[in-house]
Each structure stands twice: as structure tokens, then as C-alpha cells.
Amino acid sequence: MSAPREIDLLIEARWVVPVEPHGTVLEQHAVAVDGGAIVAVLPGAAARAAFAPRESVVLDEHALIPGLVNAHTHNPMTLLRGLADDLPLMVWLQQHIWPVEARVLGPEYVRDGVELAVAEMLRGGTTCANENYFFPDVIAATYRRLGFRAVVGLPLIEFPSAWAKSRDEYFERALAVHDDFRGDALIGAAFAPHAPYTVSDEAFERIRTLADQLDIPVHLHLHETAHEVEEAKRETGLRPLQRLQKLGIVNDRLIAVHMTQLTDAEIALCAEAGVSVVHCPESNLKLASGFCPVEKLRRAGVTVALGTDGCASNNDLDMFGEMRTAALLAKGVAGDASAFDAAATLRAATLDGARALGLGERIGSIAPGKRADLAAVRLDALETQPLYNVISQLIYAAGRQQVSDVWIDGRRQLAARALTGLDADALRAKARAWRERIVAV
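Residues numbered from 1 in each chain as written. Predicted model: local features only at pLDDT ≥ 70, side-chain atom pairs only at ≥ 80, totals over all residues. Heavy atoms only, no water.

(A) Here's a closer look at the overall build of the chain. Within the chain, the secondary structure is distributed over 16 helices and 16 strands. The C-alpha radius of gyration of the chain comes to 21 Å, within 12% of the 22 Å expected for a compact globule of 441 residues. The dimensions of the chain, computed from C-alpha atoms along their principal axes, are 70 × 45 × 45 Å. Every one of the 441 residues in the chain was classed for burial, and the buried ones make up 59%. Intrachain contacts of the chain at a sequence separation of at least 6 include 73% that bridge at least 24 residues. Put simply, the chain shows about 16,900 Å² of open surface, and 50% of that area lies on carbon and sulfur atoms. (Helix = DSSP H or I, 4+ residues; strand = E, 2+ residues; numbered from the N terminus. Rg over C-alpha atoms; globule rule 2.2 N^0.38 Å. Buried < 20%, exposed > 50% of the residue type's maximum accessible area, 1.4 Å probe, protein only. Contact = heavy atoms within 4.5 Å. Areas by Shrake-Rupley, 256 points an atom, 1.4 Å probe, with all protein chains shown as cover.)

Here's what the structure looks like:
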């Protein structure tokens with residue numbers, strides 16, 4: 001009989017929810033991790049016989065799930081949480097958010113905002129974010145320093161900012177950041193043109209060429225509001241998706257965020273082209289932007305991911321809240337109580353989020369060969385008793401406060417609710433200092 005294999009970590013859980021196969025719950029199973037990768041998923045007794053772990057973690061009352069993927073964020077904006085609420089999108093942006101950003105935007109603001117966001121995401125079971133903001137060099141460096149997985153947007157917009165003064169400079173700086181982080185184990189990149197109404201045809205054509213050459217996604221806000229679509233038709237004679245199709249942007253690299261205004265023909269186009277859609281239900285509700293037809297998209301074969309958007313328009317990075325809202329809202333929009341069921345919702349927040357970002361082979365499910373991005377959710381709280389169906393309980397009853405432990409690439413980032421690599425008191429002090437600075441300007 002061969003000796004047990006030495007590995008870094010063995011996690012034994014009351015339930016393992018691998019996401020793939022779809023809807024599966026494995027009772028009294030263990031996940032073996034070595035070198036940051038999952039090497040086996042098997043019954044607990046068999047795991048104890050097969051492996052000699054350097055560290056063992058037993059989670060008697062927990063569901064172990066893949067780390068959640070927040071597929072659309074503006075995480076430096078965590079420092080603007082609650083600054084301007086209860087306003088429509090364009091008033092919110094043009095009269096409140098953009099003027100404040102013009103006064104405070106810089107590397108220090110971006111770094112501190114990302115640090116606060118990482119702490120919040122880890123405490124809510126999120127292990128990967130699709131980021132979209134200025135100073136991507138600072139964002140990427142901060143995520144890498146903190147050991148957090150991210151796809152960092154390379155911003156492009158037609159007006160000057162503290163990051164770049166011209167279209168050419170946006171491209172030059174974007175390519176430099178891409179090159180600096182090429183091949184990084186945790187950090188990827190995507191082009192992040194803001195939206196069709198703030199980016200020119202020439203810039204989109206350049207993005208299409210470069211995205212193909214570099215093999216990276218294109219992440220942008222699209223069909224966010226009825227006003228956006230009507231203005232585009234008035235100015236160009238085309239709906240935004242039609243315009244992007246003519247420019248060659250509508251393909252399997254496109255990560256289209258919001259998509260609240262879609263015809264059946266546009267849904268079919270997205271399915272045929274391989275477009276991924278990121279649904280941000282709480283931000284869309286708060287800004288009264290509209291309702292993304294996620295069940296129609298899902299049934300058409302479109303990959304649907306979930307995102308929180310930024311803390312200035314949500315106002316949190318709570319993917320458990322987002323899952324519950326997404327599942328409930330989809331039923332109301334579809335007029336079908338079976339729409340976007342619990343297993344499909346969990347998949348949208350994990351594996352389909354990973355696939356949208358081009359990371360589906362690396363993360364998003366608990367399977368041998370994938371990186372060990374994992375979250376443990378304690379389910380013995382009174383609020384999640386009695387328990388009949390683990391996946392339903394995760395979506396409809398559990399909250400982010402029940403996340404106990406989190407690993408990214410096999411490294412423990414949250415242990416029994418305590419952050420292992422961040423100082424909560426220091427983060428709190430920085431956030432308060434930024435509040436004083438922002439209200440004074």
C-alpha cells in the first residue's frame with residue numbers, strides 16, 4: 001500500500017458544492033490542495049487515507065463553494081459609498097460623481113479604495129473581480145500585493161482625466177500596463193472602453209484590433225438605459241449594439257455590462273456571437289436603469305455573469321445580496337417562478353462569471369486542476385435553519401456574514417471571519433480620512 005501523498009492543504013466540509021456538475025451537492029467531502037491547485041475532490045474518509053496534508057481544516061457546519069466572481073466593479077469608488085444616492089444615472093454621474101473624481105482621483109485614492117474593497121469582498125466570499133477604473137497600474141499592483149485575483153480594465157474614454165490626457169495616451173498607457181502584468185498568476189487585463197456614448201468609432205476599431213492581437217476581453221457598459229439607446233439612435237441612426245457590431249466589437253471577447261434594453265433579435269445576436277452579459281441587478285434597480293432579461297439570455301445560450309457595479313451606485317460589494325436579488329428579479333421580469341433558479345444563480349456568480357472573463361479553465365468550480373479559489377459558508381445559524389436544500393439556502397437565506405473562510409490560489413485570506421493580510425483598523429482610519437477630504441472639497 002502506497003504512503004499518503006504529502007499536500008499543502010486538506011479542507012473537509014459538511015457539504016462541497018462544486019458547481020460542476022450543475023446542481024450537485026457532495027456530502028462529507030474533502031478538497032485536497034497542493035501548490036495552489038485543487039488536486040482531488042473525494043469523500044472525507046478516502047481523503048484522509050490518501051493524503052498527508054501540512055494543514056487540515058475541518059468545516060463541520062459549512063458549505064464549501066467556489067470563490068464568487070464579481071464580474072463588474074469600480075472598486076476604488078468604494079471610497080464614494082453613499083456620497084450621492086437616489087438620483088438618475090446621468091444626474092448622478094455628471095453632477096456628483098465625475099466632479100468629485102476630478103478633484104480626488106489619483107494613485108493614493110485608487111490604492112486605498114481597492115484595499116477597502118478587497119477586505120469587503122473577502123468577507124463576502126468573493127475571490128475575483130473584473131475591475132474597471134482609472135490608474136489600472138496602481139489597481140493591478142494593489143491586487144497583486146494583496147493576493148487577490150482580478151481582471152483589470154484598461155480604461156478608454158474620449159475626455160482627459162488624471163490618468164491620460166488624450167486618446168493616444170490612453171492607448172499607450174493601457175498597453176504599458178498590459179505588458180507589465182502579462183503572464184501574472186493572479187492579474188489579467190481587459191480593454192475597458194467606458195461606453196458607446198463616450199468612445200469614438202476610431203477608438204473602438206483600434207480596440208478591436210488590439211484585443212485580437214493581445215487575446216484579451218473588451219469590457220464595457222452597454223444598453224444600460226433606455227435614454228442611452230434613444231440618444232444613440234438620434235445621433236447615429238443605430239442602436240448601440242448595432243453600431244458595435246458594425247465596428248467588429250460584438251464577438252466572444254465582449255463582456256457587455258447591464259444590457260437592460262434588449263430586443264429578441266439582439267439576444268439572438270449575442271448568443272450567436274458568443275457575447276457574455278454581466279447582470280448588475282441592484283445597481284440597475286437603484287438607478288432605475290431597467291431590467292436585464294437574464295432568463296431570456298440564459299435560455300438563448302448566452303453566458304450570464306453577476307456583478308455588483310461600484311459602491312457609489314449599489315452601495316456594497318455583497319455578491320450574496322446580488323445573487324438573491326438576481327434570482328428574485330428574474331422571476332418577476334420573466335413572469336416565471338422557475339426562472340433563474342438557485343443553481344443557475346450560483347453558477348452565474350461562479351463558473352459563468354469566470355467564463356465571461358476568460359478564466360473558466362482556471363477558476364469558477366471545484367474540480368481537480370483548477371486553482372484553489374474557495375469560500376466556506378457556515379449554515380448552522382438560526383437564519384439558515386432548518387436546511388432542506390443547500391444551494392437554495394445559499395441563494396435565498398444565507399448572507400455574506402456567514403462566510404467564515406476564504407482561499408485564493410490556495411492561500412488563506414479569511415480565517416474564521418478574520419482577515420489574514422489586511423489591518424481592519426487601518427482600513428477604517430483611511431476610509432474616514434478620505435471622507436473628510438472629499439466632503440471638504
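(B) Layout of the pairing of strand β2 (residues 26–34). Examined bridge by bridge, strand β1 (residues 5–16) and β2 share seven bridges and lie antiparallel to one another. Directly across from Val 16, in β2, lies its bridge partner Leu 26. Where β2 folds back on strand β3 (residues 37–43), the antiparallel hairpin that results is connected by two residues, among which Gly 35 adopts a positive phi of roughly 60 degrees. (Pairing = 2+ DSSP bridges.)

(C) View of the sheet that holds strand β14 (residues 403–408). Pairing is mixed in the open sheet, where eight strands are placed in the order β3-β2-β1-β4-β13-β14-β15-β16. Each edge of the open sheet is held by one strand with a lone partner, namely β3 and β16 (418–419). Summarising the sheet, strand β13 (residues 374–378) and β14 pair through four bridges and their orientation is antiparallel. When the sheet's bridge partners are listed, Leu 374 is paired in β14 with Trp 407.

(D) Inspection of the pattern of salt bridges at higher detail. Counted under the stated rule, the structure contains 41 salt bridges. The partner of Asp 264 in a salt bridge is Lys 296, and the shortest N-O contact between them spans 3.0 Å. Within this pair, whereas Asp 264 is found in helix α9 (residues 264–273), its partner Lys 296 is found in helix α11 (residues 294–300), the two being separated by 32 residues in sequence. Look at the salt bridges and you will find they share partners, linking Arg 111, Asp 112, Glu 115, Arg 145 and Lys 430 into a network. (Salt bridge = Lys/Arg side-chain N within 4 Å of Asp/Glu carboxyl O.)

(E) Up close: the packing of aromatic side chains. Tallied over the entire structure, the rule returns six aromatic pairs. Measuring from ring centre to ring centre gives 5.4 Å for Tyr 109 and Trp 434, while their planes differ by 80 degrees; the resulting arrangement is edge-to-face. Placement of Tyr 109 in helix α3 (residues 107–123) and of Trp 434 in helix α16 (residues 424–440) is noted, with a sequence separation of 325 residues between them. The exposure class assigned to Trp 434 is buried, which follows from its relative accessible area of 5%. Members of the aromatic cluster, each reached through a chain of ring pairs, are Tyr 109, Tyr 133, Phe 134 and Trp 434. (Phe/Tyr/Trp six-rings, centres within 6.5 Å; stacked < 30°, edge-to-face > 60°.)

(F) Structural detail: the nonpolar core. In terms of nonpolar packing, the biggest core is built from 116 residues, with Trp 92, Tyr 109, Val 118, Tyr 143, Phe 191, Leu 254 and Leu 394 touching the most fellow members. Per-element accounting of this core gives the leading share, nine residues, to α3. (Core = buried A, V, L, I, M, F, W, Y, C linked by side-chain atoms within 4.5 Å.)

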